[in-house]
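Spelled out, the chains give:
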Amino acid sequence: MDVFSQRIENLKSQMSQAGFDLVAITTAPNLRYFSGFVPHLDERFNALLISQKEVVWVAPELNREQIESHVQIPLVSWRDDEGPQGAIRQALQKLGSPRSLGVDGAGRADILLRLQEIAQPQSSQSADGIIALLRQVKSADEIEKLALAAAQADRAVQAAMQACRPGASEREVAWIIESFFRQDGAEQVDFTLVASGPNGAFPHHHYSERVLQEGDAIIIDIGATLNGYKSDITRMVYLGEPSVEFLRAYEVVNQANLAARAKVKAGQIAQEIDRAARNTLKEHGLAEFFVHRTGHGIGLDIHEPPWIMEGNETPLQAGMTFSIEPGVYLVGKYGIRIEDIVVVTDQGVQVLSQTPHDLVVKSS
Ligand code: ZN
Ligand code: ZN
């Protein structure tokens, strides 16, 4: 059995435990996970339908040959001039009519509405919980792909650091990062966050026309897709001479990152990683400025389980991959964040991000 058939079998056993008769897979990350292939997705009805009895892909006719050349799954196609209703009915004859329907939470509402109208299930729910149980523990092959993506992000962050200079705008630096990723073979550039000076105090600032100047602390938080898998790294540049206060805060954030990393190990409770980072900041009076969770899982999605935060009592398993990204945000002044991607192992932790944590100080 190939890896994709195995994943579908694993989903089927989760479905029977959770009481789903039919699950519709419609998003790019989930289609890639369960079939190995992602067709161009638009407004047309396109869904991989899974029941205990059958697996059927309902797809637009214009995608049919391409899907069939990549996957072995039986396909029912529909033409633009007839609409998907007939194909969905035909698929449901093979799959059985579901009492309970599961869909991926990030899927299109119109696909869900269409399925509800035709299949008439008694209940419709998100299947994200059971899909996450499978996706959050990565295989060796997936970890290898995440390592390649992380290595590409390491290279891109070097290009970003070089591009930071007084007179360049955040947008110009973002464009250099984006072009670097594309030239380096990224399938997609997911985000190029360049937050300089006071903009650094907004954790989700993207980039703006602000021009970099002496005295700026610059947060560079970037990520792209390689072989379907995501990267995510944050490093910092300082233009000119940082103050003693800034350097002290930077070192505390670095210690928080390392304290969280040191806690990672199979069997550890997820929230303990968050607590380790937060306690380090608390010891130095900076906890109130850490306004987000310590990390998020990463894989085919940039943000996915496990969530590294207070309240998540999930025990970590070997093969889980997530970010560790403590930060502090001083409104009106600056922000500081240092982010790595790590893998849980039986012995402890494997850190995929290789760029040193040192602040890159550029004085003119
Ligand atoms: Zn990030
Ligand atoms: Zn992140």
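Scroll up to find the structure.
Undergrad: I'm lost on the coordination of the zinc ion (ligand 2) in this one. Help?
TA: Ideal values differ by geometry: the angle at a metal is 109.5 degrees with four tetrahedral donors, but 90 or 180 degrees with six octahedral donors. Within the protein, the zinc ion (ligand 2) binds to Asp 232 (OD), His 296 (NE2), Glu 325 (OE) and Glu 339 (OE); these donor distances fall in the range 2.0 to 2.2 Å. Given four donor atoms and angles of 80 to 157° at the metal, the environment of the zinc ion (ligand 2) is assigned as irregular. Between the zinc ion (ligand 2) and the zinc ion (ligand 1), the interatomic distance is 3.1 Å, and Asp 232 donates to each metal, bridging them. Residue Asp 232 is located in the loop between strand S9 (229–230) and strand S10 (233–239), and its partner His 296 is located in strand S11 (residues 295–297); the two are separated by 64 residues in the primary sequence. There is no split in this pair, since Asp 232 and His 296 are both buried.

Undergrad: It is not clear to me how the nonpolar core should be interpreted in this structure. Could you clarify?
TA: One finds Met 236, Phe 246, Ile 273, Leu 281, Leu 316, Phe 322 and Ile 336 to be the most contacted residues of the largest nonpolar core, which totals 34 residues. A per-element tally of this core places helix H9 (residues 244–263) first, with seven residues. Those residues within four positions of Phe 246 in sequence are excluded, and the remaining contacts are Ala 217, Met 236, Tyr 238, Tyr 334, Ile 336 and Leu 359. Judged by nonpolar contacts, the second largest core, of 32 residues, contains Leu 31, Val 55, Ile 130 and Ile 341.

Undergrad: Mind showing me how you'd approach the coordination of the zinc ion (ligand 1) here?
TA: Of the protein atoms, only Asp 221 (OD), Asp 221 (OD), Asp 232 (OD) and Glu 339 (OE) coordinate the zinc ion (ligand 1), at distances of 2.0 to 2.6 Å. With four donor atoms in place around the zinc ion (ligand 1) and angles of 55 to 147° between them, the coordination shape is irregular. Going along the chain, you hit the donors of the zinc ion (ligand 1) in the pattern D-x10-D-x106-E.

Undergrad: Hey, could you run me through the pairing of strand S13 (residues 321–324) in this one?
TA: On any regular strand, side chains alternate: one points to one face of the sheet, the next to the other face. Burial along S13 is two-sided: Thr 321 and Ser 323 and Phe 322 and Ile 324, pointing in opposite directions, are all buried. Where S13 lies against strand S16 (residues 340–344), four bridges are found, and the strand directions are antiparallel. What sits directly across from Ser 323, in S16, is Ile 341.

Undergrad: For this particular structure, what's the right way to read the sheet that holds strand S5 (residues 100–103)?
TA: Strand pairing in a sheet is mediated by backbone hydrogen bonds. Such pairs are either parallel or antiparallel. Spatially, S4-S3-S2-S1-S5-S6 is the arrangement adopted by the six strands of the open sheet, whose pairing is mixed. One side of each edge strand has no neighbouring strand; the edge strands of this open sheet are strand S4 (75–78) and strand S6 (123–126). Each strand axis lies, on average, 20° off the axis of its neighbour in the sheet, ignoring direction. Two strands pair when backbone bridges link them, and S5 and S6 are joined in this way by four bridges, in the parallel orientation. Within the sheet, the bridge partner assigned to Val 103 lies in S6 and is Ser 126. Here helix H4 (residues 85–95) sits on the sheet and contacts strand S1 (22–25), strand S2 (47–51), strand S3 (55–60) and S4; the angle it forms with S3, its principal contact strand, is near 175°.

How each quantity is defined
- Residues numbered from 1 in each chain as written.
- Chains lettered and ligands numbered in written order.
- Predicted model: local features only at pLDDT ≥ 70, side-chain atom pairs only at ≥ 80, totals over all residues.
- Heavy atoms only, no water.
- Donors = N, O, S within 2.8 Å, 3.2 Å for Na, K, Ca; no water.
- Tetrahedral: all angles 85-135°; square planar, octahedral: opposite > 155°, others 65-115°.
- Helix = DSSP H or I, 4+ residues; strand = E, 2+ residues; numbered from the N terminus.
- Buried < 20%, exposed > 50% of the residue type's maximum accessible area, 1.4 Å probe, protein only.
- Core = buried A, V, L, I, M, F, W, Y, C linked by side-chain atoms within 4.5 Å.
- Contact = heavy atoms within 4.5 Å.
- Pairing = 2+ DSSP bridges.
- Axes fitted to C-alpha atoms, helices over the stretch in contact; angles between N-to-C directions.

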